[in-house]
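# Understanding the architecture of this molecule
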Amino acid sequence: MRRERIPHLGGARAFVLHKPHPSLAVLTRQLAAIGLEVTECWPEPTADVLGADFLFFDVDLGFDAQFPWKPGEAPMPTVALIGSEAPGRIEWALSQRADAHIAKPLGQSGVYAALLIARQAFEARRCLAREIEDLRAQIAERRTVVAAALILAGAGASEAEAFGRLRALAMSWRVGVEEAARRVCAARVSEQDEGEADGAARR
């Protein structure tokens, strides 16, 4: 089983989005001891939050409009600070898809572990999102290839002959099959547009 390397966190920037409270000193002390630069803000983060390496946010008084991004789409690892167990607050916390959480009242430990867990979860989530986008692009390309093959098939041509024609075009144009398929589909759309224009002119 491969072990994850523990990253060095010194110099990282952490934003703490929480109403001013004496207990926050516990959190800021731990973050400073780990080597993070801490910025406290409330009720909304400042514009430079987009450059933060971590974001801690209060679940008890949090609301969607606090963030300059959609729920669950934070561009950095997030740690939820949870005190209330009211169903509505827990539901809101889940909708934010925090990468880690710390229960309130804040204790003298747990922050370092939360930082590491949040970073790993964030990287895994970002990697998964990239994989999903790649798969969607592949599916879209395959649909385009199939559509182009159908265009090239014409009357009576087999599936193998249609794909053979597409591959031959790709070779003659010196492009990939996907690019050739996009050109074939674009040409068909252009032909249809011209046909509609001619029909409208005759009317």
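Quick caveat, the model's predicted, so the values are computed rather than measured. (Residues numbered from 1 in each chain as written. Predicted model: local features only at pLDDT ≥ 70, side-chain atom pairs only at ≥ 80, totals over all residues. Heavy atoms only, no water.)

Looking now at the packing of helix α3 (residues 111-153) against helix α4 (residues 159-173). Contact geometry for α3 and α4: axes closest at 8 Å, N-to-C directions at 105°. Our classification of the angle between α3 and α4 gives roughly perpendicular. Contacts from Val 145, Ala 148, Ala 149, Leu 152 and Ala 153 in α3 reach Ala 162, Phe 163, Arg 165, Leu 166 and Leu 169 in α4. Tallied by class, residues from the contact of α3 with α4 come to nine nonpolar, no polar and one charged. (Axes fitted to C-alpha atoms, helices over the stretch in contact; angles between N-to-C directions. Helix = DSSP H or I, 4+ residues; strand = E, 2+ residues; numbered from the N terminus. Parallel < 35°, antiparallel > 145°, perpendicular 65-115°, else oblique. Contact = heavy atoms within 4.5 Å. Nonpolar A, V, L, I, M, F, W, Y, C, P; charged D, E, K, R; others polar.)

Throughout the structure, instances matching the rule amount to nine salt bridges. When the shortest N-O distance is used, the salt bridge between Arg 125 and Asp 99 registers 3.1 Å. Of this pair, Arg 125 sits in helix α3 while Asp 99 is found in the loop between α2 (87-96) and β5 (100-103), placing the two residues 26 residues apart along the sequence. The closest approach of N and O atoms between Glu 123 and Arg 126, which form a salt bridge, is 2.8 Å. Here Arg 126 and Glu 123 lie together in helix α3, a separation of three residues that amounts to about one turn. Classification of Arg 126 as partly exposed rests on a relative accessible area of 37%. Among the charged side chains, a network of salt bridges with common partners joins Glu 141, Glu 179, Arg 182 and Arg 183. (Salt bridge = Lys/Arg side-chain N within 4 Å of Asp/Glu carboxyl O. Buried < 20%, exposed > 50% of the residue type's maximum accessible area, 1.4 Å probe, protein only.)

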